[in-house]
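# Fold and geometry: a report
So the chains spell out like this:
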Amino acid sequence: MRSLIQDLVYAARSFARTPAFTAVVIISVALGVAANSTVYSVVNSLVFASLPVREPDRLLTMNGSKTISWPNFRDIREQTTGKVFEGVSGFFPLVPANVGGSGEPERVWGQLATANFFRVAGVRMALGRDFLPEEDAAEGREPVVVLGYALWQRRFGADASVVGKPVLINGRQYTVVGVAPPGFSGTIKMIAGEFWTPLSMYAHLMPDLVKDGVKEKRNAQWIMVDARLRDGVSREEALAALAVVKNRIDTTYFKNDTGRLKKPWTLSRAGRMPEFGNMIGLMAVLMVVVGLVLLIACANVANLMLARAAARSKEIGIRLSIGASRWRLVRQLLTESVFLALAGAALGFVLAAVAASALSRFRLPVTFPITFDFTPDWRVLLYTIAIALATGVLFGLAPALRSVRTDLISSLKDTGAGFGAGRRFGLRNILVVVQVSLSLILLIGAGLFVRSLANASSIDLGMNTGNVLMLGFDPKLNGYTPERNRQFLSDLRERVEALPGVRAVSFVDSVPLSIGGVDFDFESQSAAGKKSSDADVYRVGRNYFAAFGIPIAAGRDFDQRDTTGTAILNEKLASNLFPGGGAVGSTVRGDNQVYQVIAVVKNAKSRTLGEEPRPCAYLSLEAAPEKVMSFFGTTLVVKSGGRPDERAIRDILLRLDPTLAVTSSETMQQHVDKALLLPKSCAVLLGVFGLIGLTLAAVGLYGVLSYVVRSRTREIGIRMALGADRAGVLAMVVRQGLALAAVGMVVGLALAAAITRFAASFLYGVGAHDVVTFVAVPLVLLAVAAFAIAAPASRAAAIEPLRALRYE
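Thresholds, definitions, all that
Residues numbered from 1 in each chain as written. Predicted model: local features only at pLDDT ≥ 70, side-chain atom pairs only at ≥ 80, totals over all residues. Heavy atoms only, no water. Helix = DSSP H or I, 4+ residues; strand = E, 2+ residues; numbered from the N terminus. Buried < 20%, exposed > 50% of the residue type's maximum accessible area, 1.4 Å probe, protein only. Contact = heavy atoms within 4.5 Å. Areas by Shrake-Rupley, 256 points an atom, 1.4 Å probe, with all protein chains shown as cover. Salt bridge = Lys/Arg side-chain N within 4 Å of Asp/Glu carboxyl O. Core = buried A, V, L, I, M, F, W, Y, C linked by side-chain atoms within 4.5 Å. pLDDT = per-residue confidence, 0-100. Pairing = 2+ DSSP bridges. Polar contact = N/O pair within 3.5 Å; in protein donor to acceptor, adjacent residues only side chain to side chain. Axes fitted to C-alpha atoms, helices over the stretch in contact; angles between N-to-C directions. Left-handed = near helix turned anticlockwise from the far one by under 90°. Nonpolar A, V, L, I, M, F, W, Y, C, P; charged D, E, K, R; others polar. Phe/Tyr/Trp six-rings, centres within 6.5 Å; stacked < 30°, edge-to-face > 60°.

## Focus on the overall build of the chain
Scanning the chain from terminus to terminus reveals 23 helices and 21 strands. Burial status across the chain gives 53% buried among its 808 residues. For the chain, the share of sequence-separated contacts (at least 6 apart) that also reach a separation of at least 24 residues comes to 81%. In the form shown here, the chain has an accessible surface area of approximately 35100 Å², with 60% of it arising from carbon and sulfur atoms.

## Comments concerning the pattern of salt bridges
Pairing between side chains becomes possible if they bear opposite charge and their charged atoms approach one another. According to the stated counting rule, one finds 31 salt bridges in the structure shown. A salt bridge links Glu 626 to Arg 486; the nearest nitrogen and oxygen atoms lie 3.8 Å apart. Taken as a pair, Glu 626 in the loop between strand E19 (616–620) and strand E20 (634–640) and Arg 486 in helix H14 (residues 482–497) lie far apart in primary sequence, 140 residues in all. Given the relative accessible area of 31%, Glu 626 is considered partly exposed.

## Regarding the environment of Gly 744
Mapped onto the elements, Gly 744 comes out in helix H21 (residues 726–755). The sequence separation of Gly 744 and Val 432 amounts to 312 residues, and the corresponding C-alpha distance is 7.5 Å. Ignoring anything within four residues of it in the chain, the contact list for Gly 744 reads Val 433, Val 436 and Ser 437.

## Structural notes on the environment of Asp 519
Residue placement: Asp 519 occurs in strand E13 (residues 518–526). The spacing of Asp 519 and Gly 590 is 71 residues in sequence and 9.6 Å in space, taken between C-alpha atoms. Non-local contacts of Asp 519, meaning those with residues more than four positions away in its chain, are made with Asp 534, Ala 535, Asp 536 and Val 537.

## Here we look at helix H3 (residues 70–80)
Inspection of H3 places Trp 70, Pro 71, Asn 72, Phe 73, Asp 75, Ile 76 and Thr 80 among the buried residues, and these make up the whole buried set. Its buried side turned inward, H3 meets strand E1 (59–62), strand E2 (85–99), strand E9 (224–229) and helix H7 (235–253). Residue Gly 82 follows H3 closely and has a positive phi angle near 85°.

## Thoughts on the nonpolar core
Ranked by size, the top nonpolar core spans 88 residues in total, and within it Phe 118, Val 146, Phe 184, Trp 196 and Phe 689 carry the most contacts. Ile 169, Leu 205, Ala 238 and Ile 249 belong to the second-largest nonpolar core, a separate cluster that totals 48 residues.

## Concerning the confidence of the model for the chain
One rule of thumb: low pLDDT means the predicted coordinates there are not for detailed reading. The predicted model of the chain averages 84 in pLDDT, with 88% of residues at 70 or higher. Scored below 50 in pLDDT, residues 416–423 shows 19 contacts in the model against residues more than four places distant or in partner chains.

## Digging into the pairing of strand E16 (residues 566–570)
Counting buried positions over the five residues of E16 gives five, a clear majority of the element. Of the two faces of E16, the one lined by Thr 566, Ile 568 and Asn 570 and the one lined by Ala 567 and Leu 569 are each fully buried. Where E16 and strand E18 (residues 593–601) come together, five bridges link them in parallel fashion. Residue pairing across strands places Leu 569 opposite Val 600, the latter belonging to E18. Direction of pairing for E16 relative to E19: antiparallel, over a ladder of three bridges. Its bridge partner being in E19, Ile 568 is matched across the sheet by Tyr 618.

## With respect to the environment of Arg 451
By the secondary structure assignment, Arg 451 is in helix H13 (residues 427–457). With relative accessibility at 32%, the residue Arg 451 sits in the partly exposed group. C-alpha separation for the pair Arg 451 and Asp 770, spaced 319 residues apart in sequence, amounts to 9.2 Å. Apart from residues lying up to four places away in sequence, Arg 451 is in contact with Val 766, Asp 770, Val 772 and Thr 773. Within the structure, Arg 451 has its side chain in polar contact with the side chain of Asp 770 (distance 3.0 Å).

## Here's the deal with the packing of helix H19 (residues 677–711) against H21
Between two packed helices, what matters for the description is the angle formed by their axes and the separation of those axes. It is at 11 Å that the axes of H19 and H21 come closest, and there the two elements cross at 145°. Taken as a pair, H19 and H21 cross one another with a handedness that is right-handed. The segment H19 lies against H21, with Leu 701, Val 704, Leu 705, Val 708 and Val 709 engaging Val 733, Gln 736, Gly 737 and Leu 740. Per-class residue counts for the contact of H19 with H21 are seven nonpolar, two polar and no charged.

## Here we look at the packing of helix H20 (residues 713–721) against H21
Axis separation between H20 and H21 bottoms out at 10 Å; the angle between their running directions is 145°. Considering the relative orientation of H20 and H21, their crossing is right-handed. When H20 is examined against H21, the residues Ile 716, Arg 719 and Met 720 are found in contact with a partner set consisting of Arg 726, Val 729 and Met 732. Counted by class, the contact of H20 with H21 contains four nonpolar, no polar and two charged residues.

## Overview of the side chain of Glu 622
On the secondary structure map, Glu 622 appears in the loop between E19 and E20. Here Arg 542 takes part through its backbone nitrogen, which lies 2.9 Å from a polar atom of the side chain of Glu 622. Ignoring anything within four residues of it in the chain, the contact list for Glu 622 reads Arg 486, Leu 489, Arg 493, Phe 507, Val 540, Gly 541 and Arg 542.

## Details of unusual backbone geometry
For Asn 170, which is not glycine, the phi dihedral falls at a positive 55°. Along the chain, the position of Asn 170 falls in the loop between strand E6 (166–169) and strand E7 (172–179). For Asp 591, which is not a glycine, the phi torsion comes out positive at approximately 55°. Within the fold, Asp 591 resides in the loop between strand E17 (587–590) and E18. Classification of Asp 591 as partly exposed rests on a relative accessible area of 47%.

## Notes on the side chain of Ser 360
Structurally, Ser 360 is set in helix H10 (residues 326–360). Engagement of the side chain of Ser 360 in a polar contact is seen with the backbone nitrogen of Phe 374, the distance being 2.9 Å.

## Side note on the pairing of E20
Of all seven residues making up E20, seven are buried, and the element is well covered by its neighbours. The alternating pattern of E20 places Thr 634, Leu 636, Val 638 and Ser 640 on one face and Thr 635, Val 637 and Lys 639 on the opposite face, and all of these are buried. Where strand E11 (residues 468–473) meets E20, six bridges bridge the pair, whose relative direction is antiparallel. Bridge pairing in E20 places Gly 472 opposite Thr 635. With six bridges joining them, strand E12 (residues 502–508) and E20 adopt antiparallel strand pairing. In the strand pairing of E20, Ser 506 is matched with Val 637.

## Quick notes on the packing of aromatic side chains
Scanning the model with the defined rule gives 22 aromatic pairs in all. The interplanar angle of 85° and the centroid separation of 5.0 Å between the aromatic rings of Phe 545 and Tyr 618 together place this pair among those described as edge-to-face. Pair noted here: Phe 545 is in helix H15 (residues 544–548) and Tyr 618 is in strand E19, with a separation of 73 residues, a long-range link. Look at Phe 545 and you get buried, because its relative accessible area is 2%.

Have a look at this one:
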């Protein structure tokens, strides 16, 4: 321990004498560590971090993010509680609601939960209480609600007296019985519940569940399940008990194979992450990318440490000659490397915390609440320390071993060559090649996504997005009857159309280019025979195509004559169902209903920017507003001659119904910008990491050439004394630097060509081997390399022969 302290003191004094070197190494390590720790903070939050609940390891979830039916849940709870589980709770995670009262109504998202939800989760209320057991069967009882901590602070000003008071939810009064603790927003990561009501209130808050008796059907999957293990019970024992329940359900209710539960129920740690595409795969790709950044940083620092060790060759030779053991010197040099790595990691952790905080404010373009908290915790700190130690050993071991293998006589004479100076393509040069090649890979990836973003921004949407304002609302949540809903939409249309500058007013359930949507299978009977096609389905109002500038190719728009039995097809769906033409006037069947086709419209983007034309069907929203799903609500679309007057439109909505919340407000151009989220994110991330790699590669090239100039100072002086001109010396150094950069670029281009093909599916209008990118990026890297070479080359050309001959 004493010798370790002595090593640390010696290292600190040594680095204090070379502040520029120390700063460059620490910053290099910090950049590599910050990139890795930032991405790991995201991975940790999504995958590893525990929920803020009591004994989180005993809180389990069934079937991941899959749901089960209410009757099956009831059987599980009754047959396992008290045996393998302390309790079993169920909940529905996404319930839209309008919260009224003081101020303008607000759209929030909550959860329906069984009365024991908070007790199973192991959560104590910040204020008040959770649900009582008798509130599970609340038909005829007074509705109650538990507020989320954030909603309590934002909407109710953190007023402790709110407990026991009524709050207006969807036009009905609920009594506040408690406030959830800070940090708790449910047992599903990222989905932030802002309030909870007993699941027995589903008929009021989720009227769609009432239709067709969904709640009591065994094949209607809609409940998510949490369970808390009894003390001393293993997960395997709990799974065995669930298998017994499942077998009993299958043999009792499904005597043949129809309807049987095909897969066994599973149990996993609570805090599951919703399945938004291949998110884990994306995180893995990012970890690989930041791993490359860390390798570039390690190569850069290893090069600098090699140069420093070479400069200290005389010191090392003297210490060896007076009896110091080689292991003692290796330990000293490794201590110095780890010291620098830990200092860089400390700075990197601070940078990662700042970056993670910024990423936590990121919002996905979805209607429901997705929140992130990427704040680094103890796992991220341990990860940072681990990569710091690994980095210190990785970039310090080779220089340490090389330094103690130095020739004593050469070192004591201090000829200026240092160890390994005579090797024309030694370790230092190899490290520079590695840095340049890895930087080129990152920069080409960034270049491809920047080009993709530019192409995506100019894609023909098939619609005109200029001066289109969209405001969302949901009359169904306030208990509107179909008749009242139709009248409300009619009054709203009439008043908005009367505003100055308004050219078209319409409605739609799900705005194009949104995540999610509805699709039906359609069939037709034409001269070409029976045809079928799946299609995206939109419920739209009159003048929808005029508002979005989508041309009608044949037929007419919806009008007041239309009922639920009319439909408009886009050209793609029309060609699928009626290959020979003649769609207008024909009939199609979809969702167990027959529709008469009244028009065919041009194709427009439906789900994503990069898609090929998708089949789309448009149904009349105003004829059947009750069929709009509460998950989407209704969106008012206003096309104006100039900038739409949002405040005036909001005032009209409030005058028509002061309890109706505006759920969203944006222009169509803003909505399209959200659809560019993926290419923007990829371009920014790869751009940042590529610039870090480029900076480190430039520093590495500069450091190697500076060392070469220093180690060959006497040689250069002799050359100049014998007649070599300064231009020749300058060309010699530039040639060596450009040769290293060229080798690195050749290797990098080969690797990039092999790697970028995996990103082809994420690119818009640009190939994975885009010629412009593969030519422009190496030229940029070559220019940066030339800039890094310029200073050492100029310094070499400025050497005075007489001073160089006396140089030691």
